[in-house]
Amino acid sequence: TDATVSIDEIGLNLDADNGTYAISGLPFGQNFTLSFSKDGDDINGVSTLDLILISQHILGISPLDNPYLRIAADANNSQSITTLDLIQLQKLILNLDVELPDQDSWRLIPANHTFINPENPWAEPLPEVLMVDDLPAQAVQLPDMIAVKIGDINGSALP
């Protein structure tokens, strides 16, 4: 059977020596879906420079050259980069909006993920979950993650 539990029902403990987390209290032998997310200050790292970089991409002057930058530019979570993303980020900068619509401010993607089409990182669903079948008694190895701050094309966000 599949199980859903809240983090409040179980324990999440940080091992400061090696930077890993241990989750306690999950019953062995069940299937779990672990999802990775981070939300926070949506304006963090978003500036007019980001608007310029997205504009240059849309106009074909200087395309965003990797899938992580393209994901960061998708401020309205439409799986494309358009002027609507520029409008959404302008609203954040001008304090007309305080959060991004329909997504967390960070996307977490396993570092070992290979994009089948780097120019269209949405060609397949982003691997933001980890399926754990028949939870073993020993530890489950979680992947290293790459954090992508939505709207921050120039890499100025504070982690």
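Above this note sits the structure.
Just so it is clear, the model here is predicted, and its values are computed rather than measured.

Chemist: Break down helix H1 (residues 48-58) for me, citing the residues and quoting the values.
Modeler: Among the residues making up H1, those that are buried are Asp50, Leu51, Ile54 and His57. Buried residues in H1, looked at end-on, bunch into an arc of 120°, giving them a common side. Phi turns positive, to about 80°, at Gly60, one or two residues after H1.

Chemist: Describe the packing of aromatic side chains, and please don't skip the residues or the numbers.
Modeler: Under the counting rule described, the total for this entry stands at 1 aromatic pair. Measuring from ring centre to ring centre gives 5.3 Å for Tyr68 and Phe115, while their planes differ by 80°; the resulting arrangement is edge-to-face. Here the residue Tyr68 occupies a position in helix H2 (residues 67-73), and Phe115 occupies one in the loop between strand S4 (106-110) and strand S5 (129-132), the gap between them amounting to 47 residues. Looking at Tyr68, the relative accessible area reads 22%, which means it is partly exposed. Here Phe115 falls in the buried class, since its relative accessible area comes to 10%.

Chemist: An account of the side chain of Asn76 is needed here, citing residue identities and associated values.
Modeler: Within the secondary structure, Asn76 sits in the loop between H2 and helix H3 (83-93). Reaching out from Asn76, the side chain makes a polar contact with the side chain of Ser78 at a distance of 2.9 Å. In this structure Asn76 touches Leu84, Asp85, Pro101 and Gln103, once residues within four positions along its chain are discounted.

Chemist: Account for the nonpolar core, with residues named and values stated.
Modeler: If you look at the biggest cluster of nonpolar residues, it comprises 20 residues, and the most contacted ones within it are Ile54, Ile71 and Leu89. Broken down by secondary-structure element, the contributors of at least two residues to this core are H1, H2 and H3. Excluding anything up to four places from it in sequence, Leu89 contacts Val46, Leu51, Ile54, Ala75, Leu100 and Gly151.

Chemist: Residues and numbers for the pairing of S4, please.
Modeler: The element S4 is largely enclosed, with a buried count of 5 among its 5 residues. Residues Trp106, Leu108 and Pro110 line one face of S4 and the alternating positions Arg107 and Ile109 line the opposite face, and both faces are buried. By the bridge criterion, 5 bridges tie S4 to strand S6 (residues 145-149) in an arrangement that is antiparallel. Its bridge partner lying in S6, Pro110 is registered against Met145.

Chemist: Help me get a handle on the packing of H1 against H3, residues and values and all.
Modeler: What describes two packed helices is the angle between their axes and the distance between those same axes. The N-to-C vectors of H1 and H3 enclose an angle of 175°; their axes lie 10 Å apart at closest approach. On the basis of the axis angle, H1 is roughly antiparallel to H3. Here H1 contributes Thr48, Leu51, Ile54, Ser55 and Ile58 to the contact with H3, which in turn contributes Thr83, Leu86, Leu89, Gln90 and Ile93. Of the residues that constitute the contact of H1 with H3, the class distribution is 6 nonpolar, 4 polar and no charged.

Criteria and cut-off values
Residues numbered from 1 in each chain as written. Predicted model: local features only at pLDDT ≥ 70, side-chain atom pairs only at ≥ 80, totals over all residues. Heavy atoms only, no water. Buried < 20%, exposed > 50% of the residue type's maximum accessible area, 1.4 Å probe, protein only. Helix = DSSP H or I, 4+ residues; strand = E, 2+ residues; numbered from the N terminus. Arc of directions from axis to C-beta. Phe/Tyr/Trp six-rings, centres within 6.5 Å; stacked < 30°, edge-to-face > 60°. Polar contact = N/O pair within 3.5 Å; in protein donor to acceptor, adjacent residues only side chain to side chain. Contact = heavy atoms within 4.5 Å. Core = buried A, V, L, I, M, F, W, Y, C linked by side-chain atoms within 4.5 Å. Pairing = 2+ DSSP bridges. Axes fitted to C-alpha atoms, helices over the stretch in contact; angles between N-to-C directions. Parallel < 35°, antiparallel > 145°, perpendicular 65-115°, else oblique. Nonpolar A, V, L, I, M, F, W, Y, C, P; charged D, E, K, R; others polar.

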